[in-house]
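Analysis of the macromolecular model
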Amino acid sequence: MIDIRQVILDALPRELLIDLEDRLRAEAAKAHDVVKRELPLNTKRSREAEGQIRFRLQEQGYEDVVQAHGGLLLVDGVSVDTTLRVFQPFARFRGPEVGVILGFAAMPERKKIPAKNMSRAAGVRLNVGLQPSLFADDKRPQPTDIFALFLTARDRERAGMIEEIAIGVIGADYKDFIFYQSLDEFMAGYSAAPASIAEDHATDQTKPVVKLKMVRKPFVPPENLQDDKIEDGTGG
């Protein structure tokens with residue numbers, strides 16, 4: 001069985017996660033400030049507007065940061081030679097043996113699975129090999145890329161703040177997390193890695209192992225808007 005935590009530690013640079021945390025916290029504060037300063041809305045509508053703006057700012061911030069750290073944005077699919085389409089930025093990071101497709105999602109609250117949409121439903125298909133219980137025989141896929149999420153949950157008591165940031169892996173049946181750790185817990189895993197290994201890993205991130213389209217096409221909204229709605233937009 002794959003050690004999910006170690007696979008992600010091996011594939012994702014420590015500095016990537018630090019920069020993602022800083023950027024996404026800043027975007028959450030920015031969304032609150034924009035709504036409070038610019039939009040004359042009542043409390044309920046202000047929360048809803050803030051949720052939508054926060055997600056879009058964080059999504060853009062995520063995309064900028066992963067590319068700065070060598071992530072290869074996937075275009076029109078979650079894996080090479082598949083027809084699964086995504087409408088959110090997912091980035092591939094190579095590992096020594098197993099690659100990680102990293103996405104971003106907002107949780108309704110800490111440790112709660114984010115809403116299922118077309119992009120994430122396509123992404124978790126990569127995790128079918130992590131759940132032997134889904135198979136009645138030995139014909140399960142060999143270890144390959146896995147799909148993980150950089151997760152945020154807004155602070156319901158303090159406007160513009162983030163309560164929790166975590167790393168999570170959702171099972172292929174999209175019923176629950178099969179791996180979940182707060183970012184602080186997860187980051188502790190890097191302390192055991194020798195500095196030389198970390199430096200070699202950072203260099204390796206710039207060497208793509210598959211050929212992916214590097215120029216993003218214009219965003220094409222999913223046909224089923226209800227199925228691919230932004231999970232945090234109405235909750236605020």
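As the structure is a computational prediction, the values presented were derived from the model and not from experiment. (Residues numbered from 1 in each chain as written. Predicted model: local features only at pLDDT ≥ 70, side-chain atom pairs only at ≥ 80, totals over all residues. Heavy atoms only, no water.)

Take the pairing of strand S4 (residues 146-154) next. Burial runs high along S4: 9 of the 9 residues are buried. Side chains Ile 146, Ala 148, Phe 150, Thr 152 and Arg 154 project from S4 onto one buried face, and the interleaved Phe 147, Leu 149, Leu 151 and Ala 153 project onto a second face that is buried too. Sheet analysis places S4 next to strand S5 (residues 162-170), joined by 6 bridges and oriented antiparallel. Each bridged residue has a counterpart across the sheet, and for Arg 154 the counterpart in S5 is Ile 162. (Buried < 20%, exposed > 50% of the residue type's maximum accessible area, 1.4 Å probe, protein only. Helix = DSSP H or I, 4+ residues; strand = E, 2+ residues; numbered from the N terminus. Pairing = 2+ DSSP bridges.)

Turning our attention to the side chain of Arg 120. Along the chain, Arg 120 falls in helix H4 (residues 118-124). Look at Arg 120 and you get buried, because its relative accessible area is 0%. A polar contact is formed between the side chain of Arg 120 and the backbone oxygen of Ala 115, at a distance of 2.8 Å. (Polar contact = N/O pair within 3.5 Å; in protein donor to acceptor, adjacent residues only side chain to side chain.)

Another point: the packing of helix H2 (residues 14-38) against helix H3 (residues 43-68). Closest axis-to-axis distance for the H2/H3 pair is 8 Å, and the angle between their directions is 150°. Between H2 and H3, the interaxial angle falls into the category roughly antiparallel. Crossing angle aside, the handedness with which H2 passes H3 is right-handed. The segment H2 lies against H3, with Leu 16, Asp 19, Leu 20, Arg 23, Leu 24, Glu 27, Ala 28, Lys 30, Ala 31, His 32 and Val 35 engaging Ser 46, Ala 49, Glu 50, Ile 53, Arg 54, Leu 57, Gln 58, Gly 61, Tyr 62, Asp 64, Val 65 and Val 66. Split into classes, the residues belonging to the contact of H2 with H3 amount to 12 nonpolar, 4 polar and 7 charged. (Axes fitted to C-alpha atoms, helices over the stretch in contact; angles between N-to-C directions. Parallel < 35°, antiparallel > 145°, perpendicular 65-115°, else oblique. Left-handed = near helix turned anticlockwise from the far one by under 90°. Contact = heavy atoms within 4.5 Å. Nonpolar A, V, L, I, M, F, W, Y, C, P; charged D, E, K, R; others polar.)

Here we take up the pattern of salt bridges. Pairs may arise between side chains of opposite charge once their charged atoms sit close together. In this structure the tally under the stated criterion is 11 salt bridges. Residue Glu 48 pairs with Lys 44 through a salt bridge whose shortest N-O separation is 2.6 Å. Taken together, the residues Glu 48 and Lys 44, both in helix H3 and 4 residues apart, mark about one turn of the helix. Taking the relative accessible area as the measure of exposure, Glu 48 reaches 26% and is therefore partly exposed. With a closest N to O distance of 2.8 Å, Asp 145 and Arg 92 form a salt bridge. A residue pair is termed long-range when its members are at least 10 positions apart, and Asp 145 in the loop between H4 and S4 and Arg 92 in strand S2 (residues 91-93) qualify at 53 residues. Look at Asp 145 and you get buried, because its relative accessible area is 13%. On the basis of relative accessibility, which here comes to 12%, the residue Arg 92 falls in the buried class. Here the salt bridges do not stand alone but share partners, grouping Arg 23, Glu 27, Lys 30 and Asp 64 into one network. (Salt bridge = Lys/Arg side-chain N within 4 Å of Asp/Glu carboxyl O.)

This part is about the confidence of the model for the chain. Here the chain averages 78 in pLDDT, and 69% of its residues register 70 or above. Low pLDDT (under 50) marks residues 134-142, which in the prediction has 10 contacts with non-local residues, meaning those over four places away or in another chain. (pLDDT = per-residue confidence, 0-100.)

Turning next to the environment of Glu 50. Here Glu 50 is to be found in helix H3. On a C-alpha basis, the gap between Glu 50 and Lys 36 in space is 8.8 Å, while along the polypeptide they are 14 residues apart. Contact partners of Glu 50, with chain neighbours within four places excluded, come to Ala 31, His 32, Val 35 and Gly 160. Here the side chain of Glu 50 touches His 32 through a polar contact of 3.2 Å, side chain to side chain.

Moving on, we come to the packing of aromatic side chains. Summed over the entire model, instances satisfying the criterion amount to 6 aromatic pairs. Taken together, a centroid distance of 5.0 Å and an interplanar angle of 55° make the contact between Phe 177 and Tyr 180 tilted. As far as the burial class goes, Phe 177 and Tyr 180 line up, both buried. Chaining the aromatic ring pairs together yields one cluster made of Phe 55, Tyr 62 and Phe 104. (Phe/Tyr/Trp six-rings, centres within 6.5 Å; stacked < 30°, edge-to-face > 60°.)

Summarising the element assignment, Thr 152 is placed in strand S4. Those residues in contact with Thr 152, other than ones at most four positions away along the chain, are Leu 24, Gln 58, Phe 104, Ala 105, Ala 106, Met 107, Ile 162, Glu 164 and Ile 165.

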